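Working through the structure, step by step
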2 protein chains.
Amino acid sequence: VSIGTRDAPGRLARLLPALTWLRGYSRSDFSADAVAGLVTAFLQIPQAMAYAVLAGLPPQVGLYASVAAPAAYALFASSRALAVGPVAVAAVMVAQVLADPTVQAHGSMVGNALILALESGVILLVMAALRLGAIVNFFSHPMLTGFSMGAAIFILLTQVPPLLGIASIHPVTSQEIVASIYRQLGAIAPATLVLGASSFLLLVLAGGPLQTWLRKRSGKEWTLVLGRAGPLVVVALATIVVIILDLDHRHGVVTVGPIPAGLPNPDLGFLRLGSWLELLPSAALVALVNYVSGISIAKILANRRRQRINANEELAALGAANVVAAFTGGMPVAGSFSRTMVSFVAGARTQLSGIVASAAIWLTLLFFAPWFARLPNAALAAIIVVAVIPLIDISAIRTLWRYQASDAAVLLLTLASVLLLGMEAGLVTGLLVSLMAYIWRTSRPHMAVVGRIRGTEHFRNVLRYNVETWPTLALIRVDESLTFANIGVVEDFVMAHLAKHREIRHLVLVCSAVNHIDSSALEALERLVAGLHEAGVSVHLAEVKGPVLDALDRAGLPERMAPGRVFFRTSEAVAALTESPAQQPTAI
Amino acid sequence: VSIGTRDAPGRLARLLPALTWLRGYSRSDFSADAVAGLVTAFLQIPQAMAYAVLAGLPPQVGLYASVAAPAAYALFASSRALAVGPVAVAAVMVAQVLADPTVQAHGSMVGNALILALESGVILLVMAALRLGAIVNFFSHPMLTGFSMGAAIFILLTQVPPLLGIASIHPVTSQEIVASIYRQLGAIAPATLVLGASSFLLLVLAGGPLQTWLRKRSGKEWTLVLGRAGPLVVVALATIVVIILDLDHRHGVVTVGPIPAGLPNPDLGFLRLGSWLELLPSAALVALVNYVSGISIAKILANRRRQRINANEELAALGAANVVAAFTGGMPVAGSFSRTMVSFVAGARTQLSGIVASAAIWLTLLFFAPWFARLPNAALAAIIVVAVIPLIDISAIRTLWRYQASDAAVLLLTLASVLLLGMEAGLVTGLLVSLMAYIWRTSRPHMAVVGRIRGTEHFRNVLRYNVETWPTLALIRVDESLTFANIGVVEDFVMAHLAKHREIRHLVLVCSAVNHIDSSALEALERLVAGLHEAGVSVHLAEVKGPVLDALDRAGLPERMAPGRVFFRTSEAVAALTESPAQQPTAI
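The notes below deal with the structure included here. (Residues numbered from 1 in each chain as written. Chains lettered and ligands numbered in written order. Predicted model: local features only at pLDDT ≥ 70, side-chain atom pairs only at ≥ 80, totals over all residues. Heavy atoms only, no water.)

1. Here's the deal with the overall build of chain A
Helices and strands together make up the secondary structure of chain A, namely 29 helices and ten strands. Here the C-alpha atoms of chain A give a radius of gyration of 31 Å, more than 25% beyond the 25 Å that 2.2 N^0.38 yields for 588 residues. Residue burial in chain A is summarised as follows: out of 588 residues, 56% are buried. Just so you have it, chain A exposes about 24300 Å², and 65% of that area is on carbon and sulfur atoms. Distance between charge centres in chain A, computed from 41 positive and 33 negative side chains, equals 12 Å. (Helix = DSSP H or I, 4+ residues; strand = E, 2+ residues; numbered from the N terminus. Rg over C-alpha atoms; globule rule 2.2 N^0.38 Å. Buried < 20%, exposed > 50% of the residue type's maximum accessible area, 1.4 Å probe, protein only. Areas by Shrake-Rupley, 256 points an atom, 1.4 Å probe, with all protein chains shown as cover. Lys, Arg positive; Asp, Glu negative; His and termini not counted. Charge placed at Lys NZ, Arg CZ, Asp CG, Glu CD.)

2. Quick look at helix 8 (residues 109-129) of chain A
Residues and elements named next belong to chain A. Relative to the 30 Å expected for 21 residues at 1.5 Å per residue, helix 8 spans 30 Å between its end C-alpha atoms, a close match to the ideal helical length. With respect to burial, helix 8 is a largely interior element, 16 of its 21 residues being buried. Positive phi appears at Arg-131, one or two residues downstream of helix 8, with a value of about 55°. (Expected span 1.5 Å × (residues − 1).)

3. Things to note about the interface of chain B and chain A
Think of interface size as the accessible area that goes away when the parts come together; that is how it is often given. At the interface, 69 residues of chain B touch 69 residues of chain A. Note on chain B versus chain A: buried area summed over both sides is about 6400 Å², and carbon and sulfur give 61% of it. Counting the contacts that link chain B with chain A gives three salt bridges. In this structure, Glu491(B) engages Lys299(A) in a salt bridge whose closest nitrogen and oxygen atoms are separated by 3.7 Å. Scanning the region where chain B abuts chain A turns up 16 residue pairs in polar contact (both at pLDDT 80 or more). (Contact = heavy atoms within 4.5 Å. Buried area = accessible area lost by both parts, 1.4 Å probe. Salt bridge = Lys/Arg side-chain N within 4 Å of Asp/Glu carboxyl O. Polar contact = N/O pair within 3.5 Å; in protein donor to acceptor, adjacent residues only side chain to side chain.)

4. Side note on the packing of aromatic side chains
The final tally for this structure, using the stated rule, is ten aromatic pairs over all chains. Summarising the aromatic geometry, the rings of Phe270(A) and Phe327(A) are spaced 6.0 Å apart at their centres and angled 55° between planes, so their arrangement reads as tilted. Separated by 57 residues along the polypeptide, Phe270(A) in the loop between helix 16 (247-250) and helix 17 (276-304) and Phe327(A) in helix 18 (residues 311-327) bring together distant segments of the chain. For Phe270(A), a relative accessible area of 5% puts it in the buried group. Overall, Phe327(A) belongs to the partly exposed group, its relative accessible area being 38%. An angle of 40° between the planes, with centres 5.7 Å apart, marks the rings of Trp440(A) and Phe138(B) as tilted. Of this pair, Trp440(A) sits in helix 24 (residues 423-442) while Phe138(B) sits in the loop between helix 8 (109-129) and helix 9 (141-158), which puts the two residues in different chains. On the basis of relative accessibility, which here comes to 5%, the residue Phe138(B) falls in the buried class. (Phe/Tyr/Trp six-rings, centres within 6.5 Å; stacked < 30°, edge-to-face > 60°.)

5. Remarks on a nonpolar patch on the surface
Residues and elements named next belong to chain A. A cluster of nonpolar side chains, namely Leu-202, Val-233, Leu-237, Ile-240, Val-241, Ile-244 and Leu-245, defines an oily patch on the protein surface of about 600 Å² accessible area. When residues of the nonpolar patch are assigned to their parent elements, the largest contribution, six residues, is made by helix 15 (residues 230-245). Along the chain, the position of Leu-202 falls in helix 12 (residues 190-207). (Patch = residues over 30% accessible without salt bridge, like charges linked within 9 Å, V, L, I, M, F, W, Y side chains within 5 Å.)

6. Describing the relation of the copies chain B and chain A
Note on the copies: chain B fits chain A at an RMSD of 0.1 Å, the axial shift is 0.0 Å, and the rotation between them is 180°. Such a combination of rotation and displacement between the chain copies is what one expects of a two-fold axis. Interface overlap between copies is the fraction of interface residues in one copy that are interface residues in the other; for chain B against chain A it reaches 100%, indicating a shared surface. (Least-squares fit on C-alpha atoms with pLDDT ≥ 70 in both.)

7. Remarks on the environment of Ala334(A)
Residue and element names in this part refer to chain A. Inspection of the secondary structure assignment puts Ala-334 in strand 2 (residues 334-335). Along the chain, Ala-334 and Leu-318 lie 16 residues apart, while their C-alpha atoms are 7.0 Å from each other. Setting aside its immediate chain neighbours within four residues, Ala-334 contacts Ala-83, Val-84, Gly-85, Val-87, Asn-290 and Leu-318.

8. Side note on the environment of Leu375(B)
All names here are of chain B. In this structure, Leu-375 sits in the loop between helix 20 (352-367) and helix 21 (377-388). With a relative accessible area of 0%, Leu-375 lands in the buried category. For Leu-375 and Val-254, which are 121 residues apart along the polypeptide, the C-alpha to C-alpha distance reads 8.5 Å. Leave out the neighbours within four places in its chain, and Leu-375 touches Met-49, Val-235, Thr-239, Val-254, Thr-255, Val-256 and Leu-380.

9. Let's talk about the nonpolar core
In terms of nonpolar packing, the biggest core is built from 245 residues, with Leu57(A), Tyr291(A) and Tyr291(B) touching the most fellow members. Once residues lying within four places of it in the same chain are set aside, the contact partners of Tyr291(B) are Leu124(B), Gly133(B), Ile135(B), Val136(B), Ala311(B), Glu314(B), Leu315(B) and Leu318(B). Of all hydrophobic cores here, the second largest spans 37 residues; its members include Met447(B), Val478(B), Met495(B) and Val529(B). (Core = buried A, V, L, I, M, F, W, Y, C linked by side-chain atoms within 4.5 Å.)

10. Some thoughts on the pairing of strand 7 (residues 506-510) of chain B
All names here are of chain B. Among the five residues that make up strand 7, five are buried, leaving the element largely enclosed by the rest of the structure. On strand 7, burial covers both faces: His-506, Val-508 and Val-510 on one face and Leu-507 and Leu-509 on the other are all buried. With five bridges joining them, strand 6 (residues 473-478) and strand 7 adopt parallel strand pairing. Each bridged residue has a counterpart across the sheet, and for Leu-475 the counterpart in strand 7 is Val-508. Pairing between strand 7 and strand 8 (residues 538-542): five bridges, direction parallel. Across the sheet, residue Val-510 finds its bridge partner in strand 8, namely Ala-542. Chirality of the crossover, the property in question, places the unit of strand 7, helix 26 (residues 519-534) and strand 8 among those that are right-handed. (Pairing = 2+ DSSP bridges. Right-handed = clockwise from strand over helix to strand, strands pointing away.)

11. Observations regarding the pairing of strand 6 (residues 473-478) of chain A
Side chains on a regular strand alternate between the two faces of the sheet. All names here are of chain A. Where burial is concerned, most of strand 6 is hidden: six out of the six residues are buried. Burial along strand 6 is two-sided: the face carrying Leu-473, Leu-475 and Arg-477 and the face carrying Ala-474, Ile-476 and Val-478 are both buried. Sheet analysis places strand 3 (residues 447-452) next to strand 6, joined by three bridges and oriented antiparallel. Looking across to strand 6, one finds that Ala-448 is bridged to Arg-477. Considered for its hand, the β-α-β crossover made up of strand 6, helix 25 (residues 487-500) and strand 7 (residues 506-510) is right-handed.

12. Brief notes about the pattern of salt bridges
Two side chains carrying opposite charge are able to pair once their charged atoms lie near each other. The tally for this structure, following the rule as stated, stands at 19 salt bridges over all chains. A salt bridge links Arg349(A) to Asp29(A); the nearest nitrogen and oxygen atoms lie 2.8 Å apart. Of this pair, Arg349(A) sits in the loop between helix 19 (337-345) and helix 20 (352-367) while Asp29(A) sits in helix 3 (residues 27-54), placing them 320 residues apart in sequence. You can call Arg349(A) partly exposed: its relative accessible area is 37%. Note on Asp29(A): relative accessible area 15%, which makes it buried. Among the salt bridges present, the one from Asp246(A) reaches Arg374(A), with a minimum N-O distance of 2.8 Å. With Asp246(A) in the loop between helix 15 and helix 16 and Arg374(A) in the loop between helix 20 and helix 21 (377-388), this pair connects stretches of sequence that are 128 residues apart. For Arg374(A), a relative accessible area of 24% puts it in the partly exposed group. When salt bridges with common partners are traced through the structure, they connect Glu491(A), Asp492(A), Arg527(A) and Lys299(B) into a single cluster.

13. A closer look at the environment of Ala378(A)
Residues and elements named next belong to chain A. Along the chain, the position of Ala-378 falls in helix 21. Through-space distance from the C-alpha of Ala-378 to that of Tyr-64 is 22 Å; in sequence the pair is 314 residues apart. Not counting chain neighbours up to four residues away, the residues in contact with Ala-378 comprise Pro-162, Leu-163, Thr-192 and Gly-196.

14. Section: the side chain of Ser520(B)
Here Ser520(B) is to be found in helix 26. Excluding residues within four positions of it along the chain, Ser520(B) makes contact with Ser140(A), His141(A), Pro142(A), Asp407(A) and Phe484(B).

15. Considering the packing of helix 3 of chain A against helix 21 of chain A
Residues and elements named next belong to chain A. For the pair helix 3 and helix 21, the least separation of the axes is 9 Å and the interaxial angle reads 95°. Accordingly, the angle class assigned to the pair helix 3 and helix 21 is roughly perpendicular. Of the residues in helix 21, those in contact with Pro-46, Gln-47, Met-49, Ala-50, Tyr-51, Val-53 and Leu-54 of helix 3 are Leu-380, Ile-383, Ile-384 and Ala-387. Split into classes, the residues belonging to the contact of helix 3 with helix 21 amount to ten nonpolar, one polar and no charged. (Axes fitted to C-alpha atoms, helices over the stretch in contact; angles between N-to-C directions. Parallel < 35°, antiparallel > 145°, perpendicular 65-115°, else oblique. Nonpolar A, V, L, I, M, F, W, Y, C, P; charged D, E, K, R; others polar.)

16. Quick look at unusual backbone geometry
Peptide bonds are trans in most cases, and residues, glycine excluded, mostly fall at negative phi. Cis geometry is adopted by the peptide bond preceding Pro563(A), which originates at Ala562(A) and carries an omega value of 5°. Relative to the helices and strands, Pro563(A) resides in the loop between helix 28 (557-560) and strand 9 (566-567). Positive phi, close to 55°, is recorded for Asp246(B), a residue that is not glycine. The phi angle at Glu543(B) is positive, at roughly 55°, despite the residue not being glycine. Relative to the helices and strands, Glu543(B) is located in the loop between strand 8 and helix 27 (546-555).

17. Re helix 27 (residues 546-555) of chain A
Looking at helix 27 of chain A, one finds that the buried residues are Val548(A), Ala551(A), Leu552(A) and Ala555(A). Relative to the axis of helix 27 of chain A, the buried residues are bounded by an arc of 100° and lie together on one face. Tucked into the core, helix 27 of chain A has its buried residues touching helix 26 (519-534), strand 8 (538-542) and helix 28 of chain A together with helix 22 (394-403) of chain B. (Arc of directions from axis to C-beta.)

Pasting the structure below:
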């Protein structure tokens, strides 16, 4: 047996992580997964339609994304629990992207949505190939919380028009939607309002009080599942009410309209749309958000079962799911928190539960699609509202404020940016602010003017020790690597010292704690050297570590420093730069 | 004399840094400043008109920005050398902002440009009040180089149409401008091409060979000034050629058209435009870029004269200059590298040189404005091309690549983003990429599984020392503060260890080197604790420093960790968690 053949099963398992759980898959596993899958489907059918409408797309585009894409995810994922499909935050990002007139000029909303799904899938696959899974480490928790709170508030605002029966617009910022609602306050449709309000109340009842009551009687987590099946009940009841009272024809209640039965015929027309380049940056942001939110949910559940999440496998699996979604006529997909929890609590053991849910949705599309034609949009709006309200967690802000005010500021800035500038600009602003806050906290280098402890070769901070110094010589020690984030502080410190001691002719930077000098710091150092040379001060270096000196040599700094020199030890610098009798040591 | 009165001069000097150099200002200072100011004006008149046209504005808007705004800067600035006025990079940013159809719908190009100037000025003043001068430390050198190179290449592309005599568009990305040029290749106007090409050649000659020749003969830096006066000569010659040959009427050469004499009457109509909210994010970016580029130039020259730059004073001065620019009908202003160098080399000692230049431009507007009516746009385009070519420094990329490849990647990514996505998106992308590269380099925490050195209370890395360990207990030491940037790595390390040793029931995190736990790390820690609790593993902490423990107490972590505990020393944790006889020490 050659090594290649012996390795094959391991390699295959690395390509298809599903093999690790399919091996040894039992009948009892299947019955658990099947039940959980069906329960999840109850929640997924209304949510998928609602999120498609939220994205500005026909409801079936959400259902299409729920059929084959979760199976593609299941094959490649390391998470056994994550339920993948249309999600609210990604849907509203898609809505904002598709609201751009220049994007719309290139083709239909659906076509552009498919391009977004395809591109974000390809981007995720490329990231997987480049092993960029660790990119999740750049997303701080307060930033993500602020982002999803902002998204949730924005989503709530977008659901006001369908709940009031007024015209919806495709807004990018919260100001736009508020202004539009305000202008139409006179045109509220009472029938729609009543239908939406009762759907909302029913959902709240099913989600909270009903569950509490059931849990008191049964004491089981299963009651959570019952609450989550509420949306399907609301969908059914609302449709029945519309049909019985003929609300759509008589009272102008807007319904989702006819949904074609079955999956769409493969139509690759969207590949010819001219908007693919314009959509690329948005696709990258959608991909990032979907990956980061999904892996957080996956980690929560993996920890609870002591399983491990492989970040690069998650990238690949989500990428495959989005590519498959595009080719089966579906919108971009991600891991859904609510459905993942429902599936987990309902006893799902592996990704097979997701495949069962997909099959149920496929059957629904085949046999029940016509039933949804007179489903009122107001009911879907109520489902969305109830789904996103939990994302708005005011107490989290208060807790955060008490723990670390700067992180609370990051959260609030991200939230405000999402509302005022839109999801994409808000996400980027949040990322920038949180990275800046991190750098701000870590970029105050410790520095000291040092002098020699009399009779020794030891140099110490002049503020703490009684050391000898020399009037024309400044010894400054920097206790950190020099980077763009701290070199400005170093430069200011040096210039402030030189401005106060105008007799100084030689400046020695003691680099004993410098492990690295980045290119920005190098540039600033050269500027300092050149400028001070003209001002009559030579800059020298001492105690430079080997690798740092090698790098400086490569950049040619030591030559350009002349007459400044690089000394091995600080004491050598002192000996060389204080030779003339006029510069004999003076104690301070 | 009360303390208030005694402090007054110092306070006033802090408010108006100009007082520090005005005190003791001599006649010889003035003659030096006056000469330098006049020489700078020679360069500034054509550049100001050219940059206004580059921004898509009438040429006088650049001249208006050169009259009162530099005086406002002079009053508040700590830099004595920086020459403020219209600059190329800010101009092209303004051009891209004004190209947005939704911005144009709100009013004239000029009106929106004034709003941009006013808003960026106010933003700078607010930043000065908040003492945010150190924000410059977030801008890495490779990012800034990539940004200005991308801007320069984009500016070159925008100048191709006026040089070829084809129609200009208002593009945001380089693809748009290249496509537009390609479509019009058949419509090149020969007269314009010849005029543009000869202007370009004359400028190159004046800038390079002529200077070298003069320097060889005189040996003085003054020759640099002569080269910089070239643009004014080109403006004069090109206008004369157009008039003599009647090129504008006979050969379709486009000229700048009539410029009204004098300053505009104060017209605050722009304050009523509805675009102020939409322009705010762009104004913030313009403000940032102008501040960061200006302070870099100011620092270069301050170092050469051993003067200090006060970052917050620079913010205030540039903010005041932009507010004044807006109210005198001018475009946004910033520090100009070329004019600052010309002024410095020409002997400028203080900001009074800038005020002299402003006076010269004011007189030009009063008496010579009609002379510019038949100045061809092609000559202005040639002036722009020659001004921005030095920004494209290919050798800088090569040097950087050799010094630090990751920084070269930051440069190239920023450059590509500016060209493909536009200046704003390019700037933000560059910022993100450079901050991420920094965090990537600094976020690999050192971690170790530790065990007890037999017979002592010392705990050391199991990989390096022969130590005792216990089968159901894992001791993991993290040698860095826990932040969002590294907590993912920590979590992965812990989960990998637990996945390999499935008999472990207690995990102790030894926090002896943890100085801070940020809110993201806290959140991840709670997720780890809760998840592992369900998986049958208790998480404990040991050797937590006082301030960290206080913060954790505030967040209520210790209670939520139960049955996990916080131990003072690692040895106490070992004693408490290995009490049962089944868990006696075993050596490895």
